[in-house]
Amino acid sequence: MNHIDASVTLDSSVKVGYFSVIEKDVKIGANVIIGNRVTIHEGTVIGANTTIADGAVLGKSPKPAKTSTVKLSDDIPALEIGEEVTIGANCVVYRGAKIGSSTLIADLASVRENVEIGNFVIVGRGVTVENYVKIGDRTKIQSNSYITAYTTLEERVFIAPCVTTTNDNFMGRTEERFDKIKGATVKKGARVGGASIILPGIVIEEETFVAAGALVTKDTEPKTLIKGVPAKFVRMVDERELL
């Protein structure tokens, strides 16, 4: 049995599985498929031809710890999901996120509040996207990567599996650190190899190639290959490998 609030109007083309909950003022486009045990929270907007797999939670309100470094406003807008989006099984996408059209959020991924995700993006299985992140069109983030708060990934960026981004340079719990939290900026066409670590505030320039397992401690130059711990310049990227 499903619970669908009386304020919600479903087009006859919408299909809803079993034991799902759709709260008030949710707006759902035509030809949307909603799986079993899906929860869609108040005010969420879902574009046409979107598929939502079993167990997904959409539009959840954040409740950060008192010690959290990210502070929230009292009025977080509703979740917006574009057309032809695929939301995988057991995903959690928070209120205040905005997801573009033809994007995939794969199984077990988490997308926090105040996140902007473009069109034709892939957020892989088990990926965590934290607060205040911006992801450009046609960017791909592979399985189990961690995209920390205040990170920017521009268009056509490739993030390989298990990449970790960071945003806090302070070991101690000082008040100073709250004003200096800054994630990485990965510019258009850059590629980051598997299990790499990017330190806070680093800028990875356009078409940079970061080899697998690198520790990126300094800003890069455009169209360069870097690798190692710490990562160092190896060569220019071959012209045939540029976007």
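Now for a quick tour of the structure. (Residues numbered from 1 in each chain as written. Predicted model: local features only at pLDDT ≥ 70, side-chain atom pairs only at ≥ 80, totals over all residues. Heavy atoms only, no water.)

Observations regarding the overall build of the protein chain
Condition: Elements are defined by DSSP. Helices are runs of H or I of four residues or more, strands are runs of E of two residues or more, and each kind is numbered from the N terminus. As defined in this context, the radius of gyration uses C-alpha atoms, and a globule is described by 2.2 Å times the residue total to the power 0.38. Burial classification: accessible surface area is computed with a 1.4 Å probe over protein chains only, and a residue below 20% of its type maximum counts as buried, one above 50% as exposed, and the rest as partly exposed. Contact between two residues is taken to exist if any of their heavy atoms lie within 4.5 Å; hydrogens are not considered. Computed with a 1.4 Å probe, the accessible areas rest on the Shrake-Rupley method; for each residue, only the protein chains presented here act as cover. His is not counted, nor are the chain ends, whereas Lys and Arg count as positive and Asp and Glu as negative. Lysine's charge is taken at NZ, arginine's at CZ, aspartate's at CG and glutamate's at CD.
When its secondary structure is counted, the protein chain shows zero helices and 32 strands. The C-alpha radius of gyration computed for the protein chain amounts to 19 Å, which stays within 12% of the reference 18 Å derived for 243 residues, consistent with globular compactness. Looking at the protein chain residue by residue over its 243 residues, the buried ones come to 43%. Of the contacts formed within the protein chain by residues at least 6 apart in sequence, a portion of 21% connects residues at least 24 apart. Of the roughly 12,200 Å² that the protein chain leaves accessible, carbon and sulfur atoms contribute 50%. Treating the 29 positive side-chain charges of the protein chain as one cloud and the 30 negative ones as another, the clouds have centres 5 Å apart.

Remarks on the packing of aromatic side chains
Quick note on the threshold: Stacked, tilted and edge-to-face are the three classes applied to pairs of Phe, Tyr and Trp rings, where Trp contributes its six-membered ring and a pair requires centres within 6.5 Å; stacked means planes under 30 degrees apart, edge-to-face means over 60, and tilted covers the rest.
Under the defined criterion, the tally for this structure stands at two aromatic pairs. Ring centres of Tyr18 and Phe19 lie 6.5 Å apart, and the angle between their planes is 50°; this geometry places the pair in the tilted category. A relative accessible area of 58% places Tyr18 in the exposed class. In this structure Phe19 comes out as partly exposed when scored by relative accessible area, which is 46%.

Comments concerning the sheet that holds strand β25 (residues 185–186)
Defined as follows: At least two bridges found by DSSP between two strands is the condition for calling them paired.
Strand order in the open sheet made by the nine strands is β4-β7-β10-β13-β16-β19-β22-β25-β28, with parallel pairing throughout. The two strands at the open ends of the sheet, each matched to only one other strand, are β4 (27–28) and β28 (203–204). Bridge count between strand β16 (residues 116–117) and strand β19 (residues 134–135): two bridges; the pairing is parallel. Across the sheet, residue Ile117 finds its bridge partner in β19, namely Ile135.

What about unusual backbone geometry?
Cis peptide bonds are those with omega within 30 degrees of zero, and the linkage from Val229 to Pro230 qualifies with -5°. Its identity as a non-glycine residue notwithstanding, Asn90 has a phi of 60°, on the positive side. With respect to the secondary-structure elements, Asn90 resides in the loop between β11 (86–87) and β12 (92–94). Under the relative-accessibility criterion, Asn90 is labelled partly exposed at 44%. Positioned with a positive phi, Tyr132 is a non-glycine residue whose angle comes to about 55°. If you trace the backbone, Tyr132 turns up in the loop between β18 (128–129) and β19.

Details of the sheet that holds strand β14 (residues 104–105)
The 12 strands lie next to each other as β2-β5-β8-β11-β14-β17-β20-β23-β26-β29-β31-β32, forming an open sheet whose pairing is mixed. Both edges of this open sheet fall to β2 (15–16) and β32 (232–236), since each of them pairs with a single strand only. Note that strand β31 (residues 224–227) and β32 share four bridges and pair antiparallel. By the bridge assignment for β32, Thr224 is matched with Met236.

Description of the nonpolar core
As a reminder of what qualifies: The criterion is simple. A nonpolar core is a set of buried Ala, Val, Leu, Ile, Met, Phe, Trp, Tyr and Cys residues joined through side-chain atoms within 4.5 Å.
Residues Ile40 and Ile52 are the most contacted members of the largest nonpolar core, which totals 50 residues. If near-sequence neighbours (up to four positions away) are discounted, Ile52 is found in contact with Val32, Ile33, Ile34, Gly35, Val38, Ile40, Ile46, Leu58 and Ile87.

Quick notes on the pattern of salt bridges
Put simply, the rule is: Each salt bridge in this description consists of a side-chain nitrogen of Lys or Arg and a carboxyl oxygen of Asp or Glu lying within 4 Å of one another.
One pass over the full model with this rule turns up five salt bridges. A salt bridge links Arg240 to Asp238; its shortest N-O distance comes to 3.0 Å.

Some points on the environment of Val234
By secondary structure assignment, the location of Val234 is in strand β32. The spatial distance from the C-alpha of Val234 to the C-alpha of Ala211 is 9.9 Å, given a sequence separation of 23 residues. Setting aside residues no more than four positions away along its own chain, Val234 makes contact with Leu225, Ile226 and Lys227.

What about the environment of Lys15?
Position of Lys15 among the secondary structure elements: in strand β2. Residue classification places Lys15 among the exposed residues on the basis of a relative accessible area of 57%. Taking the C-alpha atoms as reference points, Lys15 and Ile135, 120 residues apart in sequence, are found 30 Å from one another.

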